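Listed below are the residues making up each chain.
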Amino acid sequence: MRFDVITLFPEMFEALTESGVSRRAIQSELYTLKTWNPRQFTLDKHKTVDDRPYGGGPGMVMMYQPLKDTLSAIEGELQAKPHVVYLSPQGQPLTQQKVADLTQYDNITLLCGRYEGVDERLVASSVDEEISIGDFVVSGGELPAMMLMDAVIRLIPGALGHSQSAEQDSFSDGLLDCPHYTRPEVVDGMSVPSVLMEGNHAKIDAWRQAQKLARTQQRRPDILSDKNS
Ligand code: 4GO
């Protein structure tokens, strides 16, 4: 899998390449990442990437031309057109199902906006999918893009060790995860639930399933569906 990222702050993506599962996965060549700075595709001597909004109002808007030329340069390196994603609060919500769907693309291009966002004509002409990571605003699309990438990367076969397989993740069966415990058996007067200490694995599985259901009912009744009953 190949990610191309259009960003004014390419160095932010070292967070993915320098640590953890996403670092091991890139070292194992399970994915590649190339960042593209639209400032390098500007045509004026000041390398301008933003301009004032038509109609007035606060802030600046990312200009069409540097972004379009960046996308063209990316396409020039690929055999086929990439799946182009723009991160914004106006997008469709990112869910674990959406993350799983994205693993099917060989080439994903992530467009990271800054300021008030990008010229809508670039979104209309060149973006396949607008995605939001949640109902809140951050200063740029980079952190949302990294969250999406991390979620996708960890689903690539081989990215997670056997001991951390994605099958037990929250949401993989539409439910929140069960609680987890490790040594010591008692800490500050708090014990591990006795069922986990007894070695009856059928009973442990049943307990964990009941915990998932109860926690989902209590914390996220909105995501409970008929197939969980
Ligand atoms: C994405 C981008 C929030 C999200 C963003 C989100 N804020 N909820 N900010 O996924 C264009 C300029 C959007 C700043 C960007």
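Just above sits the structure.
Note that the structure is a prediction, hence the values are computed from the model and not measured.

## Details of the overall build of the protein chain
Within the protein chain, the regular secondary structure consists of seven helices and nine strands. Radius of gyration (C-alpha) of the protein chain: 22 Å, far over the 17 Å computed for a compact globule of 229 residues. If you line up the protein chain on its principal axes, its C-alpha atoms span 70 × 40 × 35 Å. Relative to its full complement of 229 residues, the protein chain shows a buried share of 36%.

## Regarding the sheet that holds strand S2 (residues 32-36)
What the five strands build is an open sheet, ordered S2-S1-S6-S5-S7; its pairing is parallel. Each of the sheet's edge strands pairs with one partner strand only, and the pair in question is S2 and strand S7 (129-132). Mean inter-strand twist for the sheet, computed between neighbouring axes without regard to direction, equals 30°. Relative to S7, strand S5 (residues 83-93) runs parallel, the two being bridged by five bridges. Bridge pairing links Tyr86 to Glu130 in S7.

## Description of the packing of aromatic side chains
Within the structure shown, the criterion is met by two aromatic pairs. When the centroid spacing of 5.8 Å and the interplanar angle of 80° are considered together, the rings of Phe3 and Tyr31 count as edge-to-face. With Phe3 in strand S1 (residues 2-6) and Tyr31 in the loop between helix H2 (20-27) and S2, this pair connects stretches of sequence that are 28 residues apart. The two residues Phe3 and Tyr31 agree in class, both being buried. Residues Trp36 and Phe41 carry aromatic rings whose centres are separated by 6.4 Å and whose planes lie at 40° to one another, so their mutual orientation is tilted.

## Comments concerning the pattern of salt bridges
Under the defined criterion, the tally for this structure stands at ten salt bridges. With its nearest N and O atoms 2.7 Å apart, the salt bridge here joins Glu77 to Lys34. Of this pair, Glu77 sits in helix H3 (residues 64-77) while Lys34 sits in strand S2; the two residues are 43 residues apart in sequence, bridging distant segments of the chain.

About the cut-offs
- Residues numbered from 1 in each chain as written.
- Predicted model: local features only at pLDDT ≥ 70, side-chain atom pairs only at ≥ 80, totals over all residues.
- Heavy atoms only, no water.
- Helix = DSSP H or I, 4+ residues; strand = E, 2+ residues; numbered from the N terminus.
- Rg over C-alpha atoms; globule rule 2.2 N^0.38 Å.
- Buried < 20%, exposed > 50% of the residue type's maximum accessible area, 1.4 Å probe, protein only.
- Pairing = 2+ DSSP bridges.
- Axes fitted to C-alpha atoms, helices over the stretch in contact; angles between N-to-C directions.
- Phe/Tyr/Trp six-rings, centres within 6.5 Å; stacked < 30°, edge-to-face > 60°.
- Salt bridge = Lys/Arg side-chain N within 4 Å of Asp/Glu carboxyl O.

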